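Observations on the model geometry
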Amino acid sequence: AQSVTQPDIHITVSEGASLELRCNYSYGATPYLFWYVQSPGQGLQLLLKYLSGDTRVQGIKGFEAEFKRSQSSFNLRKPSVHWSDAAEYFCAVGGGSNYKLTFGKGTLLTVNP
Amino acid sequence: GAVVSQHPSRVICKSGTSVKIECRSLDFQATTMFWYRQFPKQSLMLMATSNEGSKATYEQGVEKDKFLINHASLTLSTLTVTSAHPEDSSFYICSAYQDSQYFGPGTRLLVL
């Protein structure tokens, strides 16, 4: 069965600091990996995805992630965090013909001024 | 591109009534849509997969007679919560599949 672990429930960073959100997955085949962001009371917005090819992927809002098969990880990074990045971040894994995703429990990001 | 809408954004209803939530893909066609439920400060729980022109596939533990799903066109899926009770109060989110899942803004349901 597929699963996603986001080890950090809550992270606080200062505005302008760098950010790394961790994601580890378990999947029986080559995974499709996603990062979504959710603001309070809102739906999810796709930040970036890895389907195949280059293991470093660039997303919207200056986010990037790297797929590391040997570590079963897909960590999200941003060089300089903005106050507007404060939100809940979800990592998800999927694949196969049914397009279903399994989500991690999320990491809440707080940005201090 | 890849915009998904949901209607209503929030709804309050009395216990025992039914509530219909619509999910629309505005600028693309989606043969597959998904319905999720999210409890406060928790992750998304997949309820069912909605396939255009066929019956929905429900996840284990989700009552298909309580959560009726209809995917009558390539741009519209509906979720009807029948005989709603207070424990059905939640945030319901749909997604539509193109090359990835694109999510709607969610519907907050409160059953009194």
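Structure's up top.
These notes cover the structure that comes with them. In this text, all values refer to a predicted model and were calculated from it rather than measured experimentally. (Residues numbered from 1 in each chain as written. Chains lettered and ligands numbered in written order. Predicted model: local features only at pLDDT ≥ 70, side-chain atom pairs only at ≥ 80, totals over all residues. Heavy atoms only, no water.)

Counting secondary structure elements, chain B contains zero helices and 11 strands. Put simply, chain B runs from its N terminus to its C terminus through helices and strands in the order β-β-β-β-β-β-β-β-β-β-β. Its C-alpha atoms give chain B a radius of gyration of 13 Å, within 12% of the compact-globule value 13 Å for 112 residues. Summarising its shape, the C-alpha atoms of chain B cover approximately 35 × 25 × 20 Å along the three principal directions. Put simply, chain B has 112 residues, and 53% of those count as buried. Pairs at least 24 residues apart make up 53% of the contacts formed inside chain B by residues separated by at least 6 positions. Here chain B carries 10 positive and 9 negative side-chain charges, and the mean point of each set is 8 Å from the other. (Helix = DSSP H or I, 4+ residues; strand = E, 2+ residues; numbered from the N terminus. Rg over C-alpha atoms; globule rule 2.2 N^0.38 Å. Buried < 20%, exposed > 50% of the residue type's maximum accessible area, 1.4 Å probe, protein only. Contact = heavy atoms within 4.5 Å. Lys, Arg positive; Asp, Glu negative; His and termini not counted. Charge placed at Lys NZ, Arg CZ, Asp CG, Glu CD.)

This part covers the state of the cysteines. Linking two cysteines covalently via their sulfur atoms produces the bond known as a disulfide. Per the stated rule, a full pass over the model turns up two disulfides over all chains. For A:Cys23, the disulfide goes to A:Cys91, at an S-S distance of 1.9 Å. Classification of the bridge connecting A:Cys23 and A:Cys91 rests on its S-S torsion, roughly -65°, and on that basis the disulfide is left-handed. With A:Cys23 in the loop between strand E3 (19-21) and strand E4 (24-26) and A:Cys91 in strand E10 (residues 87-94), this residue pair connects regions lying 68 residues apart in the sequence. A:Cys91 shares its class with A:Cys23; the two are buried. Between the sulfur atoms of B:Cys23 and its disulfide mate B:Cys94 the distance is 2.0 Å. Classification of the bridge connecting B:Cys23 and B:Cys94 rests on its S-S torsion, roughly 80°, and on that basis the disulfide is right-handed. With B:Cys23 in strand E3 (residues 19-25) and B:Cys94 in strand E9 (residues 90-97), the pair connects residues that are 71 residues apart, well separated along the chain. Grouping residues by exposure puts B:Cys23 and B:Cys94 together as buried. The cysteine B:Cys13 is free of any disulfide, with B:Cys94 supplying the nearest cysteine sulfur at 18 Å. (Disulfide = S-S within 2.5 Å.)

Now for the interface of chain A and chain B. On the side of chain B, 21 residues touch chain A, which itself brings 17 residues to the contact. Overall, the association of chain A and chain B removes approximately 1,400 Å² of surface from exposure, summing both partners, and the carbon and sulfur fraction of that is 57%. Considering only the side of chain A, the residues that lose the most area to chain B are A:Leu44, A:Tyr99 and A:Lys100, jointly responsible for 34% of the buried surface there. The salt bridge involving B:Glu59 is made with A:Lys100; its shortest N-O contact spans 2.9 Å. Counting the contacts that link chain A with chain B gives eight residue pairs in polar contact (both at pLDDT 80 or more). For the side of chain A that touches chain B, the secondary-structure elements that each account for two or more residues are strand E5 (32-38), strand E6 (44-50) and strand E11 (101-103) of chain A. Considering only residue class, the side of chain A that touches chain B consists of eight nonpolar, six polar and three charged. (Buried area = accessible area lost by both parts, 1.4 Å probe. Salt bridge = Lys/Arg side-chain N within 4 Å of Asp/Glu carboxyl O. Polar contact = N/O pair within 3.5 Å; in protein donor to acceptor, adjacent residues only side chain to side chain. Nonpolar A, V, L, I, M, F, W, Y, C, P; charged D, E, K, R; others polar.)

In this section: the pattern of salt bridges. Throughout the structure, instances matching the rule amount to nine salt bridges over all chains. Its salt-bridge partner being A:Arg22, residue A:Asp8 comes within 2.9 Å of it at the nearest N-O pair. Placement of A:Asp8 in the loop between strand E1 (3-5) and strand E2 (10-14) and of A:Arg22 in the loop between E3 and E4 is noted, with a sequence separation of 14 residues between them. Using a relative accessible area of 19% as the deciding quantity, one classes A:Asp8 as buried. A relative accessible area of 37% places A:Arg22 in the partly exposed class. Taking the shortest distance from any N to any O, the salt bridge between A:Lys49 and B:Asp99 comes out at 2.9 Å. Of this pair, A:Lys49 sits in strand E6 while B:Asp99 sits in the loop between E9 and strand E10 (101-103), which puts the two residues in different chains.

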